[in-house]
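Each chain is listed here by its residues.
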Amino acid sequence: MKTEKLDGLEIKLVHTVPVDELQALYQDAGWWQDNYKISDAFLRQIPEKSALFAGAFWEKKLIGMGRALSDLCSDAYIQDIAVLSAYQKLGIGTLIVSFLIQELKKRGVDWIGLIGEPGTLSFYEKLGFRPMKDHIPFKLE
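Note that the structure is a prediction, hence the values are computed from the model and not measured.

Right, let's get into the sheet that holds strand β2 (residues 52-58). Ordered in space as β1-β2-β3-β4-β5, the 5 strands form an open sheet in which the pairing is mixed. One side of each edge strand has no neighbouring strand; the edge strands of this open sheet are β1 (10-13) and β5 (111-114). Ignoring which end each strand starts from, the neighbouring axes of this sheet average 25° apart. Here strand β4 (residues 75-83) pairs with β5 via 4 bridges, running parallel. From the neighbouring strand, Tyr 77 faces β5, where its bridge partner is Gly 113. Sitting on the sheet, helix α1 (residues 19-29) is in contact with β2, β3 (61-70) and β4, with an inclination near 80° to β3. Sheet contacts for helix α3 (residues 92-106): β1, β2, β3, β4 and β5; angle to β4, the most-contacted strand, approximately 160°.

Time to look at α1. Buried residues of α1: Val 19, Glu 21, Leu 22, Leu 25 and Tyr 26, and no others. Residues of α1 that are buried make contact with α2 (40-49), β2, β3 and β4. Trailing α1 by a residue or two, Gly 30 shows a phi angle of about 85°, which is positive.

Let's shift gears to unusual backbone geometry. Glycine aside, residues mostly have negative phi, and peptide bonds are mostly found in the trans state. Phi at Glu 59 is positive, roughly 50°, even though this residue is not glycine. As for its placement among the helices and strands, Glu 59 is situated in the loop between β2 and β3. Classification of Glu 59 as exposed rests on a relative accessible area of 62%. Even without a glycine there, the phi angle at Lys 60 is positive, about 65°. Residue placement: Lys 60 occurs in the loop between β2 and β3.

In this section: a nonpolar patch on the surface. Taken together, the side chains of Leu 69, Tyr 77, Trp 111 and Met 132 define a hydrophobic patch exposed on the protein surface, amounting to about 380 Å² of accessible area. Within the element layout of this structure, Leu 69 appears in strand β3. With relative accessibility at 33%, the residue Leu 69 sits in the partly exposed group.

Rules of the game
- Residues numbered from 1 in each chain as written.
- Predicted model: local features only at pLDDT ≥ 70, side-chain atom pairs only at ≥ 80, totals over all residues.
- Heavy atoms only, no water.
- Pairing = 2+ DSSP bridges.
- Helix = DSSP H or I, 4+ residues; strand = E, 2+ residues; numbered from the N terminus.
- Axes fitted to C-alpha atoms, helices over the stretch in contact; angles between N-to-C directions.
- Contact = heavy atoms within 4.5 Å.
- Buried < 20%, exposed > 50% of the residue type's maximum accessible area, 1.4 Å probe, protein only.
- Patch = residues over 30% accessible without salt bridge, like charges linked within 9 Å, V, L, I, M, F, W, Y side chains within 5 Å.
- Areas by Shrake-Rupley, 256 points an atom, 1.4 Å probe, with all protein chains shown as cover.
- Salt bridge = Lys/Arg side-chain N within 4 Å of Asp/Glu carboxyl O.

Here's what the structure looks like:
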């Protein structure tokens, strides 16, 4: 798919998206397993309860997403940046992250972090992110 075919691309903040399209993004990104017992109600909460949820829409179809978890006054974490495989390598992920950064800064958020998957270092460095020296991400097990 060529970039000029995406002239109708729209990235906007939303509180709802079609559940099947959201699930398709998670599946395409490899973040979903068929044995997950996740309800439509749970999936609807992801955009509703995120501080910011940016959807990338082409011809009204959700083809990409990103979200921020934040207090919307000082700190934020960007996560779940995903673009359907058929639309990757067109700069859509960069547009989503840049859009979220801009929206967070508009709200006065001055500390923005994220945890990238292996192999994404150069993508996020191009957007201004740097590894945090002397910090280790932790997950409750």
